[in-house]
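Residue-level listing of the chains:
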Amino acid sequence: MAKFNPLMIAPPLIFAAFVGLAAVGMFREDPEGLPSTLVGQPAPGVPERPLSSFPPATNAMLAGGDVTLVNFWASWCPPCRAEHPTLLEMEASGIQIVGINFKDTASAATKYLRDDDNPFVGVGFDPQGRTAIDWGVTAPPETFILDADGTVLYRFAGPLVGSDYEQRFLPALEKARKATRR
């Protein structure tokens, strides 16, 4: 009689476990969203170091009495460049945006904002990415929606362009703006 080797069932069990994990990931509420532990919490601070001659980002800007966006960006980041016209449009419509430049050089970031215009009310400079860690930023660009008190309401990972922006970010922004107007 042939002996049964328990190791023979290991590959099918491992495969079944991977299938189970994939199914859980596919059927969760928002498979594209990255959860943020900051939602519902006061926003972390901004870097004390400003970028060149641009107005500095300050912690007071995070609770400015209206909805505020905090945008993490870098001059070397192609998606950041893609979303830049959207940021300029938002700024022109009266939305306050605080920009945090991270893991970049001051000269490249300064040139970028001078050449392509500055949509930010204040610009913080985070060359080592320490502030980005406090905010839980994984990669640029990332944008946070804060309420009038500086509480994080929403985190959007990725560029503010396309259908994802229209279907997820804009409704969250509008909801925050309506809540602030009350």
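Quick look at the structure, then.

Describing the pairing of strand E2 (residues 96-102)
Move 1: Of all seven residues in E2, six are buried; the element is thus mostly enclosed.
Move 2: In the sheet, strand E1 (residues 68-73) pairs with E2 via six bridges, with the strands oriented parallel. Of the residues in E2, the one forming a bridge with Trp73 is Asn101.
Move 3: One crossover worth recording links E1 to the parallel E2 by way of helix H2 (residues 78-92), and it is right-handed.
Move 4: Bridge count for E2 against strand E3 (residues 122-126) is five bridges, and the pairing is parallel.

Concerning a nonpolar patch on the surface
Move 1: Together, Phe4, Met8, Ile9 and Leu13 line one region of the surface with nonpolar side chains, adding up to about 460 Å² of accessible area.
Move 2: Tracing the backbone shows Ile9 in the segment before helix H1 (10-26).

Some details on the pattern of salt bridges
Move 1: Under the criterion given, the structure shown has four salt bridges.
Move 2: The closest approach of N and O atoms between Arg168 and Asp164, which form a salt bridge, is 2.6 Å. Here Arg168 pairs with Asp164, and both are found in helix H5 (residues 162-181), just four residues apart, close to one helical turn.
Move 3: In this structure Arg168 comes out as buried when scored by relative accessible area, which is 18%.
Move 4: In this structure Asp164 comes out as partly exposed when scored by relative accessible area, which is 32%.

Points about the packing of aromatic side chains
Move 1: Tallied over the entire structure, the rule returns nine aromatic pairs.
Move 2: When the ring of Phe156 is compared with that of Phe169, the centres are 5.5 Å apart and the planes differ by 65 degrees; the resulting orientation is edge-to-face. Placement of the pair is Phe156 in strand E5 (residues 152-157) and Phe169 in helix H5, with a sequence separation of 13 residues.
Move 3: Residue class for Phe156 comes out buried when judged on its relative accessible area of 1%.
Move 4: We classify Phe169 as buried; its relative accessible area is 0%.
Move 5: When the centroid spacing of 5.8 Å and the interplanar angle of 20 degrees are considered together, the rings of Tyr165 and Phe169 count as stacked. Of this pair, Tyr165 and Phe169 both sit in helix H5, four residues apart, which is roughly one turn of the helix.

Focus on the side chain of Asp147
Move 1: Relative to the helices and strands, Asp147 resides in the loop between strand E4 (142-146) and E5.
Move 2: We note that Asp147 is buried and unpaired, the nearest opposite charge coming from Lys175 at a distance of 12 Å.
Move 3: A distance of 2.9 Å separates a polar side-chain atom of Asp147 from the backbone nitrogen of Thr151.

Details of the side chain of Glu142
Move 1: Inspection of the secondary structure puts Glu142 in strand E4.
Move 2: Judged by relative accessible area, Glu142 falls into the buried class, the value being 0%.
Move 3: Only 2.8 Å separates the side chain of Glu142 from the side chain of Thr138, close enough to count as a polar contact.

A few points about the sheet that holds E5
Move 1: Taken in spatial order, the five strands of this open sheet run E3-E2-E1-E4-E5, and their pairing is mixed. Looking at the sheet topology across the chains shown, the edges are occupied by E3 and E5. If you compare each strand with its neighbour and ignore which way they point, the axes differ by 20 degrees on average.
Move 2: The sheet strands contacting helix H3 (residues 106-116) are E1, E2 and E3, and the helix crosses E1 at an angle near 125 degrees.

Conventions used here
- Residues numbered from 1 in each chain as written.
- Predicted model: local features only at pLDDT ≥ 70, side-chain atom pairs only at ≥ 80, totals over all residues.
- Heavy atoms only, no water.
- Buried < 20%, exposed > 50% of the residue type's maximum accessible area, 1.4 Å probe, protein only.
- Helix = DSSP H or I, 4+ residues; strand = E, 2+ residues; numbered from the N terminus.
- Pairing = 2+ DSSP bridges.
- Right-handed = clockwise from strand over helix to strand, strands pointing away.
- Patch = residues over 30% accessible without salt bridge, like charges linked within 9 Å, V, L, I, M, F, W, Y side chains within 5 Å.
- Areas by Shrake-Rupley, 256 points an atom, 1.4 Å probe, with all protein chains shown as cover.
- Salt bridge = Lys/Arg side-chain N within 4 Å of Asp/Glu carboxyl O.
- Phe/Tyr/Trp six-rings, centres within 6.5 Å; stacked < 30°, edge-to-face > 60°.
- Lys, Arg positive; Asp, Glu negative; His and termini not counted.
- Polar contact = N/O pair within 3.5 Å; in protein donor to acceptor, adjacent residues only side chain to side chain.
- Axes fitted to C-alpha atoms, helices over the stretch in contact; angles between N-to-C directions.
- Contact = heavy atoms within 4.5 Å.

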